[in-house]
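# Working through the structure, step by step
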Amino acid sequence: MHIHNLSETPSILNTFMSELRDETIQKDSMRFRRNIERIGEIMGYELSKSLQYDAETIQTPLGKSETVLHRKDIVLCSILRAGVPLHDGLLNYFDAAENAFISAYRQHKHDPESFEIIVEYLACPSLEGKTLILADPMLATGQSMVATFEALKPFGTPKAIHLVSVIGAQPGVDFVSKAFDQEVHLWIAAIDEKLNDKGYIIPGLGDAGDLAFGNKLQH
Ligand SMILES: O=P(O)(O)OC[C@H]1O[C@H](OP(=O)(O)OP(=O)(O)O)[C@H](O)[C@@H]1O
Ligand SMILES: O=c1cc[nH]c(=O)[nH]1
Ligand SMILES: [Mg+2]
């Protein structure tokens with residue numbers, strides 16, 4: 001897997017990341033969602049450099065302009081809930097993309113430290129020959145990303161796959177690297193050191209879904 005860790009080059013992304021992580025600023029849920037959306041926009045721009053382009057001629061009022069435009073073959077799939085603002089940011093740039101949504105949540109069994117990933121809702125167009133962008137801001141154990149990809153398999157074989165995440169934990173990135181083929185790209189804004197015993201990224205930012213959309217009751 002090609003890992004593009006955008007924090008390796010200091011940029012304006014650091015500002016958005018620090019606001020997501022800051023325990024005071026992150027309490028403003030509108031700013032939290034907007035910062036994830038802004039990171040989605042940056043990720044969209046960065047990953048656009050590895051898409052396929054075709055030569056096009058644009059007729060201006062005064063002449064012809066030769067350019068290259070990316071193929072409009074993108075399916076943008078996000079994992080609910082926390083994936084929604086990241087999806088919005090990517091869709092701001094890939095505005096002609098087809099869209100897929102999938103639910104994946106952690107169901108805790110008998111104790112808070114063990115859980116399985118439950119995939120229930122899935123709405124997806126054909127993925128055959130498409131460029132699949134699979135987005136989820138948090139890549140903790142990596143189980144949601146892998147379970148989601150398994151659930152998408154009946155929808156066809158994409159010709160290219162880009163995983164987009166905001167913060168990953170090194171063990172989760174390693175898990176995902178093993179599960180996906182070598183040519184798959186992972187675009188990520190930070191890779192943190194570890195997970196705690198509840199599967200949260202350390203230092204991470206806390207619970208992205210709750211920060212974006214509010215607390216939920218366990219079921
Ligand atoms: O890599 P993993 O260990 O699978 O964890 C990451 C998942 O956890 C979060 O979702 P969560 O289950 O909290 O659901 P939510 O978005 O509804 O809050 C996050 O958005 C990922 O989907
Ligand atoms: O740290 C984590 C891990 C999973 N999901 C989150 O929202 N945060
Ligand atoms: Mg989730």
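Above this note sits the structure.
What this report covers is the structure whose coordinates are included nearby. As a convention, each chain's residues are numbered from 1 in the sequence order in which they are written. Chains and ligands are labelled sequentially in the order written, the chains with letters from A and the ligands with numbers from 1. Given that the model is predicted, a residue must reach a pLDDT of at least 70 before its local features are reported, and side-chain atom pairs must reach 80 or more before they are shown or counted; all residues, however, enter totals for whole chains, interfaces and linings. Calculation of side-chain values draws on the structure's entire complement of heavy atoms; hydrogens and water are dropped beforehand.

Here we come to the site of ligand 2. Think of it this way: one heavy atom of a residue within 4 Å of a molecule or strand is enough to make that residue near it. Around ligand 2 sit Arg 106, Met 138, Ala 140, Gly 199, Tyr 200, Ile 201, Gly 206, Asp 207 and Ala 208, and that is every residue in its neighbourhood. Here a polar contact means two N or O atoms within 3.5 Å. Within protein one must be a hydrogen donor candidate and the other an acceptor candidate, and residues neighboring in sequence count only if both atoms are side-chain atoms. Ile 201 has a polar backbone atom sitting 2.8 Å from an oxygen atom of ligand 2. Taking Gly 206, its main chain carries an N or O atom lying 2.7 Å from a nitrogen atom of ligand 2. Per-residue accessibility takes into account occlusion by the displayed protein chains alone, with areas from the Shrake-Rupley method and a 1.4 Å probe. Contact with the protein chains covers 88% of the free accessible surface of ligand 2, which is 240 Å². Residue composition of the shell around ligand 2, grouped by class: 5 nonpolar, 2 polar and 2 charged. In the scheme used here, Gly and all other residues not listed as nonpolar or charged are polar, with Ala, Val, Leu, Ile, Met, Phe, Trp, Tyr, Cys and Pro taken as nonpolar and Asp, Glu, Lys and Arg as charged.

Before going further, it helps to spend a moment on the packing of aromatic side chains. Aromatic rings from Phe, Tyr and Trp, with only the six-membered ring used for Trp, were paired whenever their centres fell within 6.5 Å, and each pair was classed as stacked if the ring planes differed by under 30 degrees, edge-to-face if by over 60, and tilted otherwise. Here the structure, examined in full by the defined rule, presents 1 aromatic pair. Measuring from centroid to centroid gives 4.8 Å for Phe 149 and Phe 180, while their planes differ by 45°, and the two rings are tilted. Here Phe 180 lies in the loop between helix H5 (170-179) and strand S10 (185-192) and Phe 149 lies in helix H4 (residues 143-152), a separation of 31 residues in the sequence. Neither Phe 149 nor Phe 180 differs from the other in exposure class; each is buried. Helix and strand definitions here come from DSSP, where helices need a minimum of 4 consecutive H or I residues and strands a minimum of 2 consecutive E residues; each element is numbered from the N-terminal end. Whether a residue is buried, partly exposed or exposed follows from its accessible area with a 1.4 Å probe, protein chains only, as a fraction of its type maximum: under 20%, in between, or over 50%, in that order.

In this section: the nonpolar core. Within soluble globular proteins, side chains that are nonpolar tend to cluster in buried spots. The term nonpolar core refers to a set of buried residues drawn from Ala, Val, Leu, Ile, Met, Phe, Trp, Tyr and Cys, joined through side-chain atoms within 4.5 Å. Counting 34 residues, the largest nonpolar core has Met 17, Ile 39, Leu 90 and Val 164 as its most contacted members. Going through the elements one at a time, helix H1 (13-21), helix H2 (29-48), strand S4 (74-80), helix H3 (83-93), strand S7 (131-135), strand S9 (160-169), S10 and helix H6 (208-213) are the ones with two or more residues in this core. For this core, the element with the highest residue contribution is H2, accounting for 5 residues. Any two residues whose heavy atoms approach within 4.5 Å at even a single point are treated as in contact. Apart from residues no more than four positions distant in its own chain, Leu 90 is found in contact with Gly 40, Glu 41, Met 43, Gly 44, Leu 76, Ile 133, Ala 135 and Val 164. Of all hydrophobic cores here, the second largest spans 27 residues; its members include Ile 117, Cys 124, Leu 139 and Met 145.

What follows concerns H4. Most of H4 is tucked away, with 7 of its 10 residues classed as buried. Among the residues of H4, those classed as buried are Ser 144, Met 145, Val 146, Thr 148, Phe 149, Ala 151 and Leu 152.

Moving on, we come to the packing of H4 against H5. At a closest axis distance of 9 Å, the pairing of H4 and H5 adopts a crossing angle of 25°. The pairing of H4 with H5 is recorded here as roughly parallel in orientation. Every residue of H5 that contacts H4 at Gln 143, Met 145 and Val 146 is listed here: Phe 175, Val 176 and Ala 179. Of the residues contributing to the contact of H4 with H5, the split by class is 5 nonpolar, 1 polar and no charged. With axes taken as lines fitted to C-alpha atoms, and helix axes fitted only over the stretch in contact, angles between N-to-C directions fall between 0 and 180 degrees. The cut-offs work like this: below 35 degrees is roughly parallel, past 145 is roughly antiparallel, 65 to 115 is roughly perpendicular, and the gaps in between are oblique.

Next up on the list: the site of ligand 1. Close to ligand 1 lie 17 residues; Arg 106, Asp 136, Thr 141, Gly 142 and Ser 144 are nearest. Lys 216 has a polar side-chain atom sitting 3.3 Å from an oxygen atom of ligand 1. Looking at the shell around ligand 1, the elements that each hand over two or more residues are strand S5 (98-108), strand S8 (138-139) and H4. Residue classes in the shell around ligand 1 are distributed as 7 nonpolar, 5 polar and 5 charged.

Further remarks concern H5. Within H5, burial applies to Gly 172, Val 173 and Val 176. Burial along H5 is one-sided: seen end-on, the buried residues are contained in an arc of 100°. Buried positions along H5 lie against strand S1 (2-5), S8, H4, S9 and S10. The directions from the helix axis to the C-beta atoms form the arc being described.

We now examine the packing of H2 against H3. Where H2 meets H3, the closest approach of the two axes is 7 Å, and the angle between their N-to-C directions is 40°. One finds that H2 runs oblique with respect to H3. The two elements H2 and H3 meet at a crossing, and its hand is right-handed. For the pair formed by H2 and H3, the contact residues are Arg 33, Ile 36, Glu 37, Gly 40, Glu 41, Met 43, Gly 44 and Tyr 45 on the first element and Pro 85, Leu 86, Asp 88, Gly 89, Leu 90, Asn 92 and Tyr 93 on the second. Should the near helix be turned anticlockwise from the far one by less than a right angle, the crossing is termed left-handed; should it be turned clockwise, right-handed.

Attention shifts here to the pattern of salt bridges. Salt bridge, as applied in this entry: a Lys or Arg side-chain nitrogen positioned within 4 Å of an Asp or Glu carboxyl oxygen. On inspection of all chains with the given rule, the structure shows 12 salt bridges. Glu 41 is the partner of Arg 34 in a salt bridge, and the nearest nitrogen-oxygen pair spans 3.4 Å. For Glu 150, the salt bridge identified is with Lys 153, shortest N-O distance 2.9 Å. Overall, the relative accessible area of 44% leaves Glu 150 in the partly exposed class.

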